[in-house]
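Reading the structure
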Amino acid sequence: MLNRIRVIAAAAAALLVIAGTPAPAHAAPPSHADLALRWAPIHYQDVDATGSHALGGRSDYLTRVDFDGDLVGRNNWDHAAQSGADFTAAVYYSVVETSTHWFITYFFYHPRDWVDHPVFETEHENDGEGTTLAVEKDGSTYGVLRAVVTVAHTNFYSYTPSGSTWTGGRETVDGTLQMQSSPHDAFLHPVTAQQVQGHGLKAYPQYKINGDGIVYYPATAGEVPGSGNDRDVRYELIDIFAPGGLWAQRTTASLFVHLGTFAGDDSGDCGQGTWDCTTDSANAPWGWDDGDDAVARGEIATDPAKLSAEYFTIPGGVSRAYTDNPYAGAAEALRKAARTLPRTID
């Protein structure tokens with residue numbers, strides 16, 4: 001009997017130990033800022049310093065929308081030429097997520113989309129191109145990058161990194177996404193590149209530096225390029241959804257003429273010596289549109305799960321139900337803009 005009591009007591013004690021033992025700790029999911037920094041592109045920017053509209057190459061530098069200290073879209077062409085213009089490198093981002101994926105959009109801004117000849121090409125105030133990344137939640141801290149779609153004016157281009165399980169869907173995959181290590185952190189990053197002047201954006205090396213150029217690296221603080229041929233410039237990341245940020249300013253009439261379209265005019269020397277200077281011709285991510293696909297205006301950023309399902313064949317599929325999507329608060333306004341606004345131009 002005594003032995004039986006001892007066995008029962010020992011078993012009870014073991015149960016108490018098990019009950020009192022905390023469950024194994026699970027790492028907290030990364031913040032959206034950490035995700036954006038982890039997957040931000042290493043970016044090759046071609047630079048042209050010729051012609052008065054180039055501003056010695058500065059017209060091809062990345063910067064903030066408010067580089068001149070205000071939120072007025074119609075003075076950015078002129079203010080870019082002033083001595084006090086701040087060309088500290090910056091890239092905007094937004095993160096939305098479903099139960100299966102994170103989607104990170106990066107927005108690259110230049111004050112000028114410019115040309116240096118008079119033949120059949122236009123220029124305009126403000127310029128916005130970018131890319132959206134699809135990152136699968138695979139249980140690791142930052143997930144695994146499956147695909148990107150880039151914006152080159154009014155055309156989208158899709159890419160997958162080597163080893164991705166995603167293949168072409170209703171759109172063909174346009175190439176392999178290169179990955180490159182950064183001297184400023186321990187990660188491999190996707191590699192993107194932009195043209196001079198008009199700043200169309202594709203995966204490197206479909207665009208690349210030809211002569212002078214800047215290589216931008218993601219970081220927690222931005223730098224001003226030392227010249228138009230600086231191969232190590234850090235850029236800061238700015239949350240589109242930050243209080244008072246770009247999304248919060250979407251109805252600010254001095255900055256946006258329509259939902260997703262920057263206000264821009266033809267003042268100063270814009271258009272002089274060229275074919276024309278068009279007005280209101282640059283777009284924020286919620287104004288990007290390919291025009292001949294099944295994805296509506298802005299959905300590359302506001303509904304990237306739909307974009308992914310249309311552009312790619314995805315083993316296991318992708319959840320279309322968002323667990324976090326601040327764009328959804330303006331869903332009706334975005335749908336109306338897609339139906340009623342003029343076709344996106346850039």
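See above for the structure.
Residues numbered from 1 in each chain as written. Predicted model: local features only at pLDDT ≥ 70, side-chain atom pairs only at ≥ 80, totals over all residues. Heavy atoms only, no water.

1. Considerations on the overall build of the protein chain
Applicable threshold: Numbering of helices and strands runs from the N terminus, with a helix taken as a DSSP run of H or I at least four residues long and a strand as a DSSP run of E at least two residues long. Burial classes: relative accessible area under 20% of the type maximum marks a residue as buried, over 50% as exposed, and values in between as partly exposed (1.4 Å probe, protein chains only). In what follows, residue pairs with any heavy atoms lying within 4.5 Å of each other are defined as contacts. For the accessible areas, the method is Shrake-Rupley and the probe is 1.4 Å, while residue cover comes only from the protein chains on display. A residue counts as positive if it is Lys or Arg and as negative if it is Asp or Glu; His and the chain ends are not included. In plain terms, the charge of a residue is placed at NZ if it is Lys, CZ if Arg, CG if Asp and CD if Glu.
Within the protein chain, the regular secondary structure consists of six helices and 19 strands. Reported as C-alpha extents along the three principal axes, the dimensions of the protein chain are approximately 105 × 45 × 35 Å. When burial is assessed residue by residue, the protein chain has 51% of its 346 residues classed as buried. Restricting the contact set of the protein chain to residue pairs at least 6 apart, pairs at least 24 apart contribute 64%. Per element, the accessible surface of the protein chain, about 14700 Å² overall, is 53% carbon and sulfur. Counting 22 positive and 43 negative side-chain charges, the protein chain places the centres of these two groups 12 Å from one another.

2. Describing the state of the cysteines
Here is the rule we go by: In this description, a disulfide is simply a cysteine sulfur pair whose atoms lie within 2.5 Å.
Within the structure shown, the criterion is met by one disulfide. A disulfide bridge connects Cys270 with Cys277, and the sulfur atoms are separated by 2.0 Å. Every disulfide takes its handedness from the sign of the S-S torsion; for Cys270 and Cys277 that torsion is 85°, giving right-handed.

3. Notes on the pairing of strand S1 (residues 42-46)
Condition: Two strands are said to pair when DSSP picks up at least two bridges between them.
Counting buried residues along S1, five of its five residues qualify, which places the element largely inside the surrounding structure. The side-chain alternation of S1 yields two buried faces, one formed by Ile42, Tyr44 and Asp46 and the other by His43 and Gln45. Two strands pair when backbone bridges link them, and S1 and strand S10 (residues 188-194) are joined in this way by four bridges, in the parallel orientation. Opposite Gln45, over in S10, you have Gln194 as the bridge partner.

4. A look at the nonpolar core
Quick note on the threshold: By convention a nonpolar core is built from buried Ala, Val, Leu, Ile, Met, Phe, Trp, Tyr and Cys residues, the set being connected through side-chain atoms within 4.5 Å.
Tyr106, Leu246 and Trp286 are the most contacted members of the largest nonpolar core, which has 71 residues in total. Here this core gets seven residues from one element, more than from any other, and that element is strand S3 (residues 101-113). Core analysis: the second largest hydrophobic core is formed by nine residues, Ala193, Tyr207, Val215 and Tyr217 among them.

5. Overview of unusual backbone geometry
Here the bond from Tyr204 into Pro205 is cis, since omega is 5°, no more than 30 degrees from zero. With respect to the helices and strands, Pro205 occurs in the loop between strand S11 (201-203) and strand S12 (213-218). Positive phi, close to 70°, is recorded for Asn126, a residue that is not glycine. Residue placement: Asn126 occurs in strand S4 (residues 122-136). Of note in the backbone geometry, Gln197 takes a positive phi value of approximately 70° without being a glycine. Tracing the backbone through its elements, the reader meets Gln197 in the loop between S10 and S11.

6. Focus on the sheet that holds strand S15 (residues 261-262)
The strand order across the open sheet formed by three strands is S14-S15-S17, and the pairing between neighbours is antiparallel. The sheet is open, and its two borders are formed by strand S14 (256-258) and strand S17 (282-283), each paired with just one other strand. Note: S15 against S17, two bridges, orientation antiparallel. What sits directly across from Phe262, in S17, is Ala282.

7. Some thoughts on helix H2 (residues 32-39)
Quick reminder of the rule: The directions from the helix axis to the C-beta atoms are what the arc is built from.
Regarding H2, the residues found buried are Leu35, Ala36, Arg38 and Trp39. With its buried residues spanning 160° around the axis, H2 presents them on a single face.

8. Structural notes on the pattern of salt bridges
Filter applied, for reference: Take a side-chain nitrogen of Lys or Arg and a carboxyl oxygen of Asp or Glu: if they are within 4 Å of each other, that pair is a salt bridge.
Under the definition given, this model contains 11 salt bridges. One salt bridge connects Arg64 with Glu236, and the closest N-O pair in it is separated by 3.6 Å. Of this pair, Arg64 sits in the loop between S1 and helix H3 (76-79) while Glu236 is found in strand S13 (residues 233-239), placing the two residues 172 residues apart along the sequence. Since its relative accessible area comes to 28%, Arg64 is described here as partly exposed. Two residues, Glu299 and Lys306, come together in a salt bridge whose shortest N-O distance is 2.9 Å. For the pair shown, Glu299 and Lys306 are each scored as buried. Sharing partners across several salt bridges, the network here consists of Arg64, Asp66 and Glu236.

9. Structural notes on a nonpolar patch on the surface
To keep it simple, the criterion reads: For patches, a residue must show more than 30% relative accessible area and have no salt bridge; joins then use 9 Å for like charges and 5 Å for nonpolar side chains, namely Val, Leu, Ile, Met, Phe, Trp and Tyr.
The grouping of Val119, Phe120 and Trp275 at the surface amounts to a nonpolar patch, some 380 Å² of accessible area in total. With respect to the secondary-structure elements, Phe120 resides in the loop between S3 and S4. Classification of Phe120 as exposed rests on a relative accessible area of 66%.

10. Structural notes on the pairing of S3
Across the 13 residues that make up S3, a large majority, 13, are buried. The pairing of strand S2 (residues 90-98) with S3 spans six bridges and is classified as antiparallel. The partner of Val96 across the bridge, within S3, is Phe103. Linkage of S2 to S3, two consecutive antiparallel strands, is achieved through a turn of two residues. In terms of strand pairing, S3 meets S4 through 12 bridges, oriented antiparallel. Pairing of Asp113 across the sheet is with His124, part of S4.

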